[in-house]
Amino acid sequence: MQPKSPTESETEMVQVVLPNDANPLGFILGGTVMHLIDIAGAIACHRHTRSLLVTAAVDDLQFLHSIKVGDLIILKAHVTCVFKTSLEAQVDVYSEETLTGTRQLTSRAFLTFVAVKSDGSRSAVPPLIVETDEQRRVCDEARARREMRLKRKMAALEGAATT
């Protein structure tokens, strides 16, 4: 498999926040933001793997600021680290005031996707070219998140087996 650069997976989605996306206070629903984060992360990972994918996990999702009706929601995603059959994408979410152009980071999440074949079995993913110190740091952080996530998964499975 041909290794790929993180820039090959870069994805940007933009849409206006409409009233049907909002709560009674006029801010975008958290579930809508999560839905868009999943889509942006999946697109970035599809660009890297060129395969079918399923979402396996979402880590560190925080809502830092609200986004109001009429603002733009901008999602920027890219692959941060690759494992054998899975990979992680970082998705940064920004709001942009349409009249002023003022932007602010509103959310960040790390999503793990698993590459699958049409029969549901896992498939290998292409390696990621990690060249800069920043890319290495981000990939190391992804490995640490993966290790913690797998420990939590094992603990949950053990807990479920005893009930």
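Relevant structure appears above.
Reference entry: report on the structure contained in this document. Residue numbers here run from 1 along each chain, matching the order of that chain's written sequence. Local features in a predicted model are, by the rule used here, given only for residues with pLDDT of at least 70; side-chain atom pairs are given and counted only at 80 or more, and totals for whole chains, interfaces and linings are based on all residues. To obtain the side-chain values, all non-hydrogen atoms of the structure were included, while hydrogens and water were left out.

The next subject is the overall build of the protein chain. Scanning the protein chain from terminus to terminus reveals two helices and five strands. Moving toward the C terminus, one meets the helices and strands of the protein chain in the order β-α-β-β-β-β-α. Buried, partly exposed and exposed residues are distinguished by accessible area as a fraction of the type maximum, computed with a 1.4 Å probe on protein chains only: under 20%, between the cut-offs, and over 50%, respectively. When each of the 163 residues of the protein chain is scored for burial, the buried share is 40%. Considering only contacts in the protein chain between residues 6 or more positions apart, those separated by 24 or more positions represent 72%. In short, Shrake-Rupley with a 1.4 Å probe defines the accessible areas, and a residue's cover is counted only from the protein chains shown. Element-wise, carbon and sulfur atoms account for 56% of the exposed surface of the protein chain, whose accessible area totals about 9200 Å². Placing the 19 positive and 20 negative side-chain charges of the protein chain at their respective mean positions leaves the two points 6 Å apart. Helix and strand definitions here come from DSSP, where helices need a minimum of 4 consecutive H or I residues and strands a minimum of 2 consecutive E residues; each element is numbered from the N-terminal end. It only takes one pair of heavy atoms within 4.5 Å for two residues to be counted as in contact. The convention is simple: Lys and Arg are positive, Asp and Glu are negative, and His and the chain ends are not counted. Charge coordinates come from a single atom per side chain, which is NZ of Lys, CZ of Arg, CG of Asp or CD of Glu.

It is worth spelling out helix 2 (residues 133–161) at this point. Expected span of a helix: the number of residues minus one, times 1.5 Å. For helix 2, which comprises 29 residues, the first-to-last C-alpha distance of 42 Å matches the rise-based estimate of 42 Å (1.5 Å per residue) to within 8%. Residues of helix 2 that are buried include every one of Val 138, Cys 139, Ala 142, Arg 145 and Arg 149, and no others. Among the structural elements, strand 2 (52–63), strand 3 (72–82), strand 4 (86–96) and strand 5 (103–116) are those in contact with the buried residues of helix 2.

A separate point is the nonpolar core. A general feature of soluble globular proteins is that nonpolar side chains tend to end up buried together. Among buried residues, the Ala, Val, Leu, Ile, Met, Phe, Trp, Tyr and Cys ones that are joined through side-chain atoms within 4.5 Å form a nonpolar core. Ranked by internal contacts, the top residues of the largest apolar core, which has 27 residues, are Ile 37, Ile 73, Leu 75, Leu 87 and Val 91. Put simply, the parts of the chain that give this core at least two residues each are helix 1 (30–49), strand 3, strand 4 and strand 5. Looking at this core element by element, the count peaks at seven residues for helix 1. Apart from the residues lying within four places of it in its own chain, the contact partners of Ile 37 are Leu 61, Leu 75, Val 91, Val 93, Ala 109 and Leu 111.

Right, let's get into unusual backbone geometry. Leave glycine aside and you will find that most residues have negative phi; peptide bonds, for their part, are mostly trans. One non-glycine residue, Arg 50, lies in positive phi territory at about 50°. For Arg 50, the position within the fold is in the loop between helix 1 and strand 2. Despite not being glycine, Asp 60 shows a phi value in the positive range, around 60°. Mapped onto the fold, Asp 60 is located in strand 2.

Right, let's talk about the pattern of salt bridges for a bit. Oppositely charged side chains can pair when the atoms bearing their charge come close. Within this document, salt bridges are pairs made up of a side-chain nitrogen of Lys or Arg and a carboxyl oxygen of Asp or Glu, the two lying within 4 Å of each other. Under the criterion given, the structure shown has 12 salt bridges. A salt bridge links Arg 145 to Glu 88; the nearest nitrogen and oxygen atoms lie 2.8 Å apart. Taken together, the residues Arg 145 in helix 2 and Glu 88 in strand 4 connect sequence positions 57 residues apart. Side by side, Arg 145 and Glu 88 carry an identical accessibility label, which is buried. Among the salt bridges present, the one from Asp 92 reaches Arg 108, with a minimum N-O distance of 2.5 Å. A residue pair is termed long-range when its members are at least 10 positions apart, and Asp 92 in strand 4 and Arg 108 in strand 5 qualify at 16 residues.

As a further point, take the sheet that holds strand 2. Between any two strands, at least two bridges found by DSSP are needed for them to pair. The strand order across the open sheet formed by five strands is 1-3-4-5-2, and the pairing between neighbours is antiparallel. The sheet is open, and its two edges are formed by strand 1 (11–16) and strand 2, each paired on a single side. Between one strand axis and the next, the sheet turns through 25° on average, direction left out of account. Sheet topology places strand 3 next to strand 4; 10 bridges connect them, and they run antiparallel. Following the sheet pairing, Cys 81 is matched in strand 4 by Glu 88. Along the sheet, helix 2 contacts strand 2, strand 3, strand 4 and strand 5; its crossing angle with strand 3, the most-contacted strand, is approximately 85°. Helix axes are fitted to C-alpha atoms over the stretch in contact, other axes to C-alpha atoms as well, and angles between N-to-C directions run from 0 to 180 degrees.

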